[in-house]
Amino acid sequence: MNQPEVFVNGERVSSECTASWPFQEDKIFVFETFKSYGGVIFRLTEHLGRLSESAKTIGLQLPKPLSE
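Residues numbered from 1 in each chain as written. Predicted model: local features only at pLDDT ≥ 70, side-chain atom pairs only at ≥ 80, totals over all residues. Heavy atoms only, no water.

Draft legend 1. Representation of the packing of aromatic side chains. Applying the stated criterion to the full structure yields 1 aromatic pair. Measuring from ring centre to ring centre gives 5.9 Å for tyrosine 37 and phenylalanine 42, while their planes differ by 85 degrees; the resulting arrangement is edge-to-face. The partly exposed category is assigned to phenylalanine 42, whose relative accessible area is 42%. (Phe/Tyr/Trp six-rings, centres within 6.5 Å; stacked < 30°, edge-to-face > 60°. Buried < 20%, exposed > 50% of the residue type's maximum accessible area, 1.4 Å probe, protein only.)

Draft legend 2. Main features of unusual backbone geometry. Positive phi is not limited to glycine here, since arginine 43 has a value of about 50 degrees. Here arginine 43 is to be found in the loop between strand 4 (40-41) and helix 2 (44-57). For arginine 43, a relative accessible area of 53% puts it in the exposed group. (Helix = DSSP H or I, 4+ residues; strand = E, 2+ residues; numbered from the N terminus.)

Draft legend 3. Structural detail: the pattern of salt bridges. Under the defined criterion, the tally for this structure stands at 2 salt bridges. Residue glutamate 32 pairs with arginine 50 through a salt bridge whose shortest N-O separation is 3.0 Å. A residue pair is termed long-range when its members are at least 10 positions apart, and glutamate 32 in the loop between helix 1 (15-18) and strand 3 (36-37) and arginine 50 in helix 2 qualify at 18 residues. The class of arginine 50 is partly exposed, set by a relative accessible area of 42%. With its nearest N and O atoms 3.2 Å apart, the salt bridge here joins glutamate 53 to lysine 56. In this pair, glutamate 53 and lysine 56 are both assigned in helix 2, 3 residues apart and thus about one turn of the helix distant. (Salt bridge = Lys/Arg side-chain N within 4 Å of Asp/Glu carboxyl O.)

In C-alpha cells form, the structure reads like this:
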C-alpha cells in the first residue's frame, strides 16, 4: 500500500514523522482528510467547506480563500 501524502503548512512531510509529533499545548489545530481516485479529490468542495467551518468555530482563519 502507498504511504499517504502529508502536508503541514503547505510543505510535504513524511507521513511516518507525523504520527510521532506531540501536540503542542499552546496550539489549536483543525484538519480534514482527503481521498483521491485517479488523481481527483473525492468531494473536494464538501471537504473544504467542513475545514472552513471547523476553523471558524475555533476562531482560526484559513491561510487562503476556498477558491484557491
